[in-house]
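# Structural description and commentary
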Amino acid sequence: MSHEAVELLQALIRNQCVNDGTPESGFEVRSVATLAEYLGVEGEVFEPAPGRQSVVYRIPGEDPEAPSLALAPHLDVVPVDRGGWSVDPFAADIVDGFVFGRGAVDMLNVTAAMTVAARPYLVGERKPRGDLLFCALADEENGGRLGAMPLVENRWDLVKADYLLTEVAYPGLLVDDHKAVPVSIGEKGAYWSILETAGSPGHGSLPYGTDNALEKMVTALAGMVDTPVPADITEDWAAFVRNLGLSEESTRRLVDIDQLDDEIDRIAVSDPTLARYIHAATHLTISTNILRAGTKTNVVADRAHAELDIRGLPGMDREFVDSHLQKAMGTAAGHVEIRPIMDSDATVSTIGNPLWEAIGDAVEELDGHRNLAPTLMMVATDARFWRARGTVCYGVGLFDDRMSFSEMLTLFHGQDERVSAASVERTTTLYERVLARFFAEA
Ligand SMILES: [Zn+2]
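Scope of this entry: the structure provided in the associated data block. Predicted, not measured: the structure shown is a model, and the values here were computed from it. (Residues numbered from 1 in each chain as written. Predicted model: local features only at pLDDT ≥ 70, side-chain atom pairs only at ≥ 80, totals over all residues. Heavy atoms only, no water.)

In this section: the overall build of the chain. Check the secondary structure of the chain and you find 15 helices and 18 strands. Here the chain has a C-alpha radius of gyration of 23 Å; the compact-globule value for 442 residues is 22 Å, and the two agree. For the C-alpha atoms alone, the extent of the chain along its principal axes is close to 80 × 55 × 45 Å. The long-range share in the chain, meaning contacts at least 24 apart out of those at least 6 apart in sequence, stands at 78%. Per element, the accessible surface of the chain, about 18,500 Å² overall, is 50% carbon and sulfur. Distance from the positive charge centre (37 side chains) to the negative charge centre (69 side chains) of the chain: 2 Å. (Helix = DSSP H or I, 4+ residues; strand = E, 2+ residues; numbered from the N terminus. Rg over C-alpha atoms; globule rule 2.2 N^0.38 Å. Contact = heavy atoms within 4.5 Å. Areas by Shrake-Rupley, 256 points an atom, 1.4 Å probe, with all protein chains shown as cover. Lys, Arg positive; Asp, Glu negative; His and termini not counted. Charge placed at Lys NZ, Arg CZ, Asp CG, Glu CD.)

If you want it as structure tokens, here you go:
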């Protein structure tokens, strides 16, 4: 049965629902059609912009008192730079047991697995105890404005759920003989910001004493790059770091705020990807990604515009972010206007509930242990819309041992994105067991 999920994954990759951030991209209508064709039943379709379809199936449970569970994967993928790929990113070829293609790990592998696992309930072969929702969503890769956000805001009656499963599914962690399966329980806050400076235009041949917007901006950004970002060791981090397989000494230093940064620098020498992950898991991060200024080579710049991707740990809210930025920009701060373009606080779900136990049971059955490692995600996912309304949200998958946690991190939005067919099958079985356990015990 499970190879169905691999075929479905291939079909979803080939649909090329590439979201470039514009409303005209994505065109998830193709994958909604693929799902309807596979399932043989239609859900309720939402299309806030032409072609930007999401679909919701809500199956009423037999016991109205039993908790509800939503599976809420997304259908869109990010653009590719074909040059860096060794294969066609949309052919979904299987090479050496790996399905290659944009979306193979973010997150069409899980979308396919969830669809196959939910099918018996969606077509009426099995009855869930509480309500089961299956929401296949558009536009996750651009903040869910044409997908989860309006659905949760306007159709809460339809999409409300006590529990929800979505991103991110990571490969297992293996330390000596100790295995653990990461479960995403929360995500950092996103505080994307535009910085703007103004000056006065004048002739570029006479720069002395002019009011140059670009110079102010560069001074502000330099301060930001030079100022260390605030760190925090959360309880979740302290619990998670033990699963990374580092030496006892290294593990100890990574939960000591005074030694943390030095230890990250040390790890970066041998494993830059892991160092980057650890840094993000323990710090406010600022990535300075866009800078535009001026009009002409011989005209003093009268305006400058920068865009920053800023992510905060739980407790680091907009006020915290702005106060760090003000401090970091130093003398330039007074000349810079900060305009938020995304203000979304970190969200974290608690553990120890029927869904957590159902995942533990399923992992124990399939992987021989029930070590779940609660993980904070660096990225924003659709889960935040539900978490903000009290829904407990997790992300989980079950991979084979052909890809490590660290390797997987480089494939997110990266080149030669791929997943082993066996991992897709294992993840499908995991979801089948989670649904069976959740609805049996709920
Ligand atoms: Zn994703």
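Further remarks concern the side chain of D139. In this structure, D139 sits in the loop between β6 (132-136) and α4 (148-154). Given a relative accessible area of 2%, D139 falls into the buried group. A polar contact is formed between the side chain of D139 and the side chain of R52, at a distance of 3.2 Å. Contacts of D139, omitting those with residues within four sequence positions, involve N19, E28, R52, D76, G144, R145, L146 and G147. (Buried < 20%, exposed > 50% of the residue type's maximum accessible area, 1.4 Å probe, protein only. Polar contact = N/O pair within 3.5 Å; in protein donor to acceptor, adjacent residues only side chain to side chain.)

This brings us to the packing of aromatic side chains. The final tally for this structure, using the stated rule, is ten aromatic pairs. Ring geometry for Y57 against F134: centres 6.1 Å apart, planes inclined by 50°, an arrangement best described as tilted. One end of the pair, Y57, is in strand β2 (residues 54-59); the other, F134, is in strand β6, with 77 residues separating them in the sequence. On the basis of relative accessible area, Y57 is assigned to the buried category, the value being 5%. Note on Y163 and F438: the rings are 5.5 Å apart at their centroids and 70° apart in plane angle, and the pair reads as edge-to-face. Of the two residues, Y163 is situated in strand β7 (residues 163-166) and F438 in helix α15 (residues 421-441); the sequence distance between them amounts to 275 residues. (Phe/Tyr/Trp six-rings, centres within 6.5 Å; stacked < 30°, edge-to-face > 60°.)

Looking now at the sheet that holds strand β4 (residues 94-95). The three strands lie next to each other as β4-β5-β18, forming an open sheet whose pairing is antiparallel. In this open sheet, the two edge strands, each paired with only one partner strand, are β4 and β18 (418-420). Pairing between strand β5 (residues 98-100) and β18: three bridges, direction antiparallel. Among the inter-strand pairings, F100 is bridged to a residue of β18, identified as R418. (Pairing = 2+ DSSP bridges.)

Right, let's get into the coordination of the zinc ion. Distances from the zinc ion to its protein donors, H74 (NE2), D106 (OD), E167 (OE) and E167 (OE), fall at 1.8 to 2.8 Å. Taken together, the four donor atoms surrounding the zinc ion define angles of 52 to 143° at the centre, an arrangement classified as irregular. Donor residues binding the zinc ion come from one chain and are separated in sequence as H-x31-D-x60-E. Linking D106 in the loop between β5 and α3 (108-122) with E167 in the loop between β7 and β8 (173-175), this pair joins segments that are 61 residues apart in sequence. For the pair D106 and E167, a shared accessibility class is recorded, and that class is buried. (Donors = N, O, S within 2.8 Å, 3.2 Å for Na, K, Ca; no water. Tetrahedral: all angles 85-135°; square planar, octahedral: opposite > 155°, others 65-115°.)

The next thing to look at is the pairing of strand β13 (residues 303-312). Regular strands have side chains that alternate between both faces of the sheet. Counted residue by residue, β13 has seven buried out of ten residues, so it is predominantly covered. Where strand β10 (residues 189-190) lies against β13, two bridges are found, and the strand directions are antiparallel. Across the sheet, residue A190 finds its bridge partner in β13, namely R311. Pairing of strand β11 (residues 193-198) with β13 involves six bridges; the strand directions are antiparallel. Note on β13: the bridge partner recorded for S193 is L308.

For the rest of this paragraph, the subject is the side chain of T197. Tracing the backbone shows T197 in strand β11. The class of T197 is buried, set by a relative accessible area of 4%. Within polar-contact distance, the side chain of T197 engages the backbone oxygen of A213 at 2.8 Å. Apart from residues no more than four positions distant in its own chain, T197 is found in contact with A213, K216, M217, D302, R303, A304, H335 and V336.

This part takes up the environment of D401. If you trace the backbone, D401 turns up in the loop between β17 (392-395) and α14 (405-411). Overall, D401 belongs to the exposed group, its relative accessible area being 74%. Between the C-alpha atoms of D401 and A148, which are 253 residues apart in sequence, the distance is 33 Å.

The subject of this paragraph is the nonpolar core. L165 and I359 are the most contacted members of the largest nonpolar core, which has 91 residues in total. Ranked by residues supplied to this core, first place goes to α3 with ten residues. Aside from chain neighbours lying at most four places away, what touches I359 is L165, V183, L372, Y394, V396 and V434. Listed in part, the 23 residues of the second largest apolar core include L313, M316, M329 and A333. (Core = buried A, V, L, I, M, F, W, Y, C linked by side-chain atoms within 4.5 Å.)

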